[in-house]
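Per-entry structural report
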Amino acid sequence: MDKQETKATEWMLSNINSDRLDTHTGRYVADRMKNAQTTVIHRLQSFLEDCNLADTFETFTAQNFGTKFMDWGYSKKNYTENTIYATYEIVKAQLNAAKRAKFDIDDTYYKQLRGKGKDVDNIYLNEDEIKAIYNLDIPKLKQEGLIDEKSTIEKTRNLFVIGCLTGLRRSDLNNLNNGLWKLNEEQNTLEIVAEKTKKRVVIPLHPYVRAIYNKYHGVLPKLGDKHNCNEHLKNLGRLAGVNEITAKTENRGGKVETYKFKKYDLIGFHTARRSFASNMFLAGKPTYAIMQLTGHTNERTFYKYVKATPEQIAKLLDFNSIG
């Protein structure tokens, strides 16, 4: 591309969708990451068009870019604070890449754009709630008209429960048939290479996971599209009585407000990994061992997954149980 005539976002899209090596992991950037970053660049293009700004690198390195984008994101799109900061992070990465490609770029942007969002209030399901979802008699609920007869909700339920009890990501749940299942007197494990990290993990199998595996005779189904699956999960939670009133605080559109939901309305597939990490932590399992299964490489990131109340932490540290 001619550096004098290249539009910044066009160069970013070309860079994102090229066969790139991630210098941190030594692997080619995955398609799902490319898709997520492409979405951010399209977001930037909408911003430039709405604000009548030039599609140049100078626009993104200007001192007022961060303020302008935040104002647009809050007032025009009602974005959350974390969406704003996630966008900054991608912008910085692409500007860094453009600098390496010998574009003349002022590097003051790096200090101006905060790239890390805040922790959000996310839920996890405790063991009783997972059990309630697992025990739902879906054929009976269909007969009673509480679930559509043609619904694939049972497949979603079974894979979600596996996620809650293994800590696997959604992408890995769709790859279970490529795992090595060892179900015998000596071993009770699933060995699988995680899609995101490419690391081999060996996961002990909960009885529910073994039962689901046996139900499908070792050939597990795959998940449907994300929207339908998330609707299934909310419905499953409702039917299982996961209806505790739950508060969630977020900065949306520049206004920090606390909203109240029934817990089942907040269930998504990411809830499964968070549930696994939280329940293992609260059961007193070694953090290092849990991290080996979830694929976290540092404790700071891992603890964002763990949702423990001060009372639960105090119980874990009960000195009366010592000696």
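Structure: above.
To keep things clear, this report deals only with the structure shown in the data block. Computed from a prediction, not measured in an experiment: that's the story for all the values here.

1. Some words on the overall build of the protein
Looking only at helices and strands, the protein has 16 helices and seven strands in total. Seen through its principal axes, the protein has C-alpha atoms that stretch 65 × 55 × 40 Å. When each of the 323 residues of the protein is scored for burial, the buried share is 41%. By sequence separation, contacts in the protein at least 24 residues apart represent 61% of the contacts at least 6 residues apart. Within the structure as shown, the protein displays about 18,800 Å² of accessible surface, and the carbon and sulfur contribution to it stands at 48%. Charge-centre separation for the protein: the mean point of 50 positive side chains lies 2 Å from the mean point of 40 negative side chains.

2. Overview of the nonpolar core
Of all hydrophobic cores here, the largest spans 50 residues; its most connected members are Phe160 and Leu176. For this core, the element with the most residues is helix 9 (residues 153–166), which contributes seven residues. What Leu176 contacts, discounting residues up to four positions off in sequence, is Leu159, Ile162, Leu168, Trp181, Leu190, Ile192 and Leu220.

3. Section: the pattern of salt bridges
Applying the stated criterion across every chain, the model contains eight salt bridges. Among the ionic pairs, Lys34 bridges to Asp19, the shortest N-O distance being 3.8 Å. Note that Lys34 is positioned in helix 2 (residues 31–50) and Asp19 in the loop between helix 1 (8–16) and strand 1 (21–22), a separation of 15 residues in sequence. Classification of Lys34 by relative accessible area gives buried; the value is 8%. Residue Glu129 pairs with Lys263 through a salt bridge whose shortest N-O separation is 2.9 Å. Of the two residues, Glu129 sits in helix 7 (residues 127–134) while Lys263 sits in the loop between strand 7 (255–262) and helix 13 (270–282), which places them 134 residues apart along the sequence. Judged on exposure class, the residue Glu129 and its partner Lys263 are both buried.

Cut-offs applied
- Residues numbered from 1 in each chain as written.
- Predicted model: local features only at pLDDT ≥ 70, side-chain atom pairs only at ≥ 80, totals over all residues.
- Heavy atoms only, no water.
- Helix = DSSP H or I, 4+ residues; strand = E, 2+ residues; numbered from the N terminus.
- Buried < 20%, exposed > 50% of the residue type's maximum accessible area, 1.4 Å probe, protein only.
- Contact = heavy atoms within 4.5 Å.
- Areas by Shrake-Rupley, 256 points an atom, 1.4 Å probe, with all protein chains shown as cover.
- Lys, Arg positive; Asp, Glu negative; His and termini not counted.
- Charge placed at Lys NZ, Arg CZ, Asp CG, Glu CD.
- Core = buried A, V, L, I, M, F, W, Y, C linked by side-chain atoms within 4.5 Å.
- Salt bridge = Lys/Arg side-chain N within 4 Å of Asp/Glu carboxyl O.

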